[in-house]
Amino acid sequence: MSAGPRRATVDRLRRVVRGTRAWSRAALPGRVGALPDFLIIGGQRCGTTSLHHYLAAHPDVRAATGKELQFFSLHFGRGTRWYRAHFPPAAPGRRSFEASPYYLFHPGVPARVAATLPEARFVALLRDPVERAYSHYLHTRSYGLEPLGFAEALAAEPGRLAGALVDGPDTPAAHHALRNFSYAARGRYAEQLDRWYAHLPADRLHVIRSEDLYADPAGTYAGVLRFLGLAPFTPAEFARHTRRADTGPSELTDALRAELAAEFAPHNARLADLLNWPRTW
């Protein structure tokens, strides 16, 4: 078994074990953990793993049992007791959180989150959508799920997503396509944020550029802590965390980069207006 499918199998087993333990805790009488105080909601391939590490290192923060619980996207039917079983009990001066990058993109998540976590806060990271799309493609290919070249996968994307969504966004086929083949769609950030702002006040959602986190991790992290009402803190290091190293010649040619940049330009302009940013990318 090659590295990609092997990693996919290990990830799947890890999720099964984590979920089974949550079922066991939820089945026991008495209290389970408290609902989280904040979520990292995305986007995928935008630095969420790094920010998760930085926040989990804070002395007043307790992370869930693992990254990407996917409760509000994949497992909402399991109920909040199952979800709470992934978190520690409430404690004075302590905050808990989880990070699931699919939350930003899945259309059903904002309403579910707003109803379940009416006081929570949310952090979103947005990366240059051209770079994000290619990184997403490499990620999907590394798991053995993408047989097409990058240009061909982009051309196939609209049909793949439309076909998978015929029966709504919560079928196994829809989740598979939305998670794995949404290379360009996930880079249209303004329309995703619109869905979130329709369900919660803008001041409960903190949006940052991934490039700012990479260029100035200390300053960007400090801003996240202020937004969350956490005391200033500096982790031992601001390492970049990723589970995939890019290898081989790039399929993101200059021509394809220019084509994607032109495609994303109106969406980036709308994002700048929405967030009152002087620039996007």
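Reading the values: rules and limits
Residues numbered from 1 in each chain as written. Predicted model: local features only at pLDDT ≥ 70, side-chain atom pairs only at ≥ 80, totals over all residues. Heavy atoms only, no water. Pairing = 2+ DSSP bridges. Helix = DSSP H or I, 4+ residues; strand = E, 2+ residues; numbered from the N terminus. Axes fitted to C-alpha atoms, helices over the stretch in contact; angles between N-to-C directions. Contact = heavy atoms within 4.5 Å. Salt bridge = Lys/Arg side-chain N within 4 Å of Asp/Glu carboxyl O. Buried < 20%, exposed > 50% of the residue type's maximum accessible area, 1.4 Å probe, protein only. Core = buried A, V, L, I, M, F, W, Y, C linked by side-chain atoms within 4.5 Å. Phe/Tyr/Trp six-rings, centres within 6.5 Å; stacked < 30°, edge-to-face > 60°.

(A) Molecular detail of the sheet that holds strand β2 (residues 61-63). Read from one edge to the other, the open sheet built from 5 strands follows the order β2-β3-β1-β4-β5, with strand pairing classed as parallel. At either end of the open sheet lies a strand with only one pairing partner, and these are β2 and β5 (205-209). Recorded for the sheet is a direction-independent mean angle of 25° between the axes of neighbouring strands. Judged from the 3 bridges that link them, β2 and strand β3 (residues 95-99) form a sheet pairing that is parallel. Opposite R62, over in β3, you have S96 as the bridge partner. Strands in contact with helix α8 (residues 189-197) are β1 (38-42), β4 (121-126) and β5; relative to β5, the strand with the most contacts, it is inclined by about 165°.

(B) Up close: the pattern of salt bridges. The final tally for this structure, using the stated rule, is 9 salt bridges. We note a salt bridge from R94 to D60, for which the minimum N-O separation is 3.3 Å. Taken as a pair, R94 in the loop between α3 (80-84) and β3 and D60 in the loop between α2 (48-56) and β2 lie far apart in primary sequence, 34 residues in all. Residue R94 is classed as partly exposed on the basis of its relative accessible area, which comes to 35%. On the accessibility criterion, D60 (22% relative accessible area) is partly exposed. Residues D170 and R112 are paired through a salt bridge, measuring 2.6 Å at the closest nitrogen-oxygen approach. One end of the pair, D170, is in the loop between α6 (150-164) and α7 (172-180); the other, R112, is in helix α4 (residues 109-116), with 58 residues separating them in the sequence.

(C) Expanded view of the nonpolar core. Within the largest apolar cluster, 47 residues are counted, with the highest numbers of intra-cluster contacts made by L55 and W196. Not counting residues up to four positions away in its chain, the partners in contact with L55 are F38, I40, V61, F97, Y221, V224, L225 and L228. V130, Y137, A153 and L161 belong to the second-largest nonpolar core, a separate cluster that totals 22 residues.

(D) Examining the packing of aromatic side chains more closely. Overall, the coordinates contain 18 aromatic pairs when judged by the stated rule. Taking the centre distance of 5.8 Å and the plane angle of 75° together, the rings of Y137 and Y183 count as edge-to-face. One end of the pair, Y137, is in helix α5 (residues 129-142); the other, Y183, is in the loop between α7 and α8, and 46 residues separate them in sequence. Exposure class is identical for Y137 and Y183. Each is buried.

(E) Seen up close, the pairing of β3. Along β3, 4 of the 5 residues are buried, which leaves the element largely enclosed by surrounding structure. Two strands pair when backbone bridges link them, and β1 and β3 are joined in this way by 3 bridges, in the parallel orientation. Along β3, the bridge assignment pairs I40 with A99.

(F) Quick peek at the environment of G229. Mapped onto the elements of the fold, G229 is located in the loop between α10 (217-228) and α11 (254-275). On the basis of relative accessibility, which here comes to 51%, the residue G229 falls in the exposed class. Each C-alpha atom of the pair G229 and R95 lies 9.8 Å from the other, and the pair is 134 residues apart in sequence.

Note that every value here comes from positions in space, so none of it alone points to a role or purpose.
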